[in-house]
Amino acid sequence: MNILITGAAGNLGSHLARYLVDSEHNLRLMVHRRPPPPDLVGQNNVTVHQVDLGRPDTLPAACAGVDCIVHLAGILFQPRPERFLQLTNVVYTQNLLAAASEAGVRKFTLISFPHVEGDSSVERPATGRMDGQPDSVHAQTRLQAERELLATAAQSGMTPVILRSGMIYGRGVLMVDAFRRLARYKILAVWPGPTWIHLISLPDFLAATKAAIESDTAEGVYNVGDDLPLTFQEFLDRAAAHWGYWRPWRLPGWSFYVAATAVETFASIFRTSSPLTRDFIRIGMASNVADTTRMRQELLPELAYPTLNEGIGLL
């Protein structure tokens, strides 16, 4: 297959490209300003396409002859995401879908997350519904992108696949690396909670994505998660203990919004990245647990790391 990976210079995009580079597939790595990792450049089955998703005229050449697109591109760590996420999550996806439809791409795989359904729990898990009303702009715009994919697929005959992934953990995952740095300096903190999360190890996420790409029957929404949801507070406690650091501080929820406001204000004034935003806090405080039955039946019957107990060594 000819597989186009958007956001291939980013964190998950580069992980997926490395995972697939030894397969029989041909990879097209779509990048914007940042170049792809050097170890991927020059591989016999890899080509690089520099594209601006905001300029539709740059997309046809990258999409021509492609069998499957995996859409991971996005903008993170910028202040005031509510100002740009409608553009980057929705309009850019619309542009890519239009080019894919014109090029006759057979399958479009969108990486999403269960937060698009709003708060969920062990008793009331996310099930793959499209009628969610999430609070965060990240989740609202990702849900809109999902709807755009389904609408385009219904008209074009393209196969839509939506992978709503739980929190991905493993070495080299930016968020987990950030937690470890904060724990090292004894400044890792979390609100009292409890906030439920659904984890998935990086190897299992990549395996599920590969299965979705290669399957002739995969279609629709799949929740991607392991077998044992837990609270965010427990995850951070266990991660810090595994790393040999202190237990994360417990601080009131409002203090995280104050910190995020300060970080966003500084980033806006001095034009720096913003690793913390109020919308990140909003989506982070939303519990998310998903029904992964369909993933286990159709994509990944056996997980390499079914719970954090087996996957703790990946941190």
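Here is a short report on the structure shown in this document. (Residues numbered from 1 in each chain as written. Predicted model: local features only at pLDDT ≥ 70, side-chain atom pairs only at ≥ 80, totals over all residues. Heavy atoms only, no water.)

1. A short note on the nonpolar core
So, step 1. Counting 61 residues, the largest nonpolar core has I5, F232, F235, L299 and L315 as the members making the most contacts within it.
So, step 2. Among the elements that line this core, the one with the most residues is helix α6 (residues 202-214), at eight residues.
So, step 3. Those residues in contact with I5, other than ones at most four positions away along the chain, are G13, L16, A17, L20, R28, L29, M30, V70 and L72.
So, step 4. Ranked by size, the runner-up nonpolar core spans 24 residues in total, among them Y92, L96, A153 and M158. (Core = buried A, V, L, I, M, F, W, Y, C linked by side-chain atoms within 4.5 Å. Buried < 20%, exposed > 50% of the residue type's maximum accessible area, 1.4 Å probe, protein only. Helix = DSSP H or I, 4+ residues; strand = E, 2+ residues; numbered from the N terminus. Contact = heavy atoms within 4.5 Å.)

2. What to know about the packing of aromatic side chains
For any pair of aromatic rings, the description rests on two quantities: the centre-to-centre distance and the angle between the ring planes.
So, step 1. Taken as a whole and judged by the stated rule, the model has five aromatic pairs.
So, step 2. Measuring from centroid to centroid gives 5.8 Å for F179 and F232, while their planes differ by 55 degrees, and the two rings are tilted. Note that F179 is positioned in helix α5 (residues 174-184) and F232 in helix α7 (residues 232-243), a separation of 53 residues in sequence. Residues F179 and F232 agree in their burial class; the two are buried.
So, step 3. Ring centres of W191 and F232 lie 5.6 Å apart, and the angle between their planes is 40 degrees; on these two criteria the pair is classed as tilted. One end of the pair, W191, is in the loop between β8 (189-190) and β9 (196-197); the other, F232, is in helix α7, with 41 residues separating them in the sequence. (Phe/Tyr/Trp six-rings, centres within 6.5 Å; stacked < 30°, edge-to-face > 60°.)

3. Let's talk about the pairing of strand β2 (residues 26-31)
So, step 1. Among the six residues of β2, five are classified as buried, and the element is accordingly described as predominantly covered.
So, step 2. The sheet contact formed by strand β1 (residues 2-6) and β2 spans five bridges and is parallel. Bridged to N2 within β2 is N26.
So, step 3. With respect to chirality, the unit in which β1 leads through helix α1 (residues 11-20) into the neighbouring parallel β2 is right-handed.
So, step 4. In terms of strand pairing, β2 meets strand β3 (residues 46-50) through five bridges, oriented parallel. What sits directly across from M30, in β3, is H49. (Pairing = 2+ DSSP bridges. Right-handed = clockwise from strand over helix to strand, strands pointing away.)

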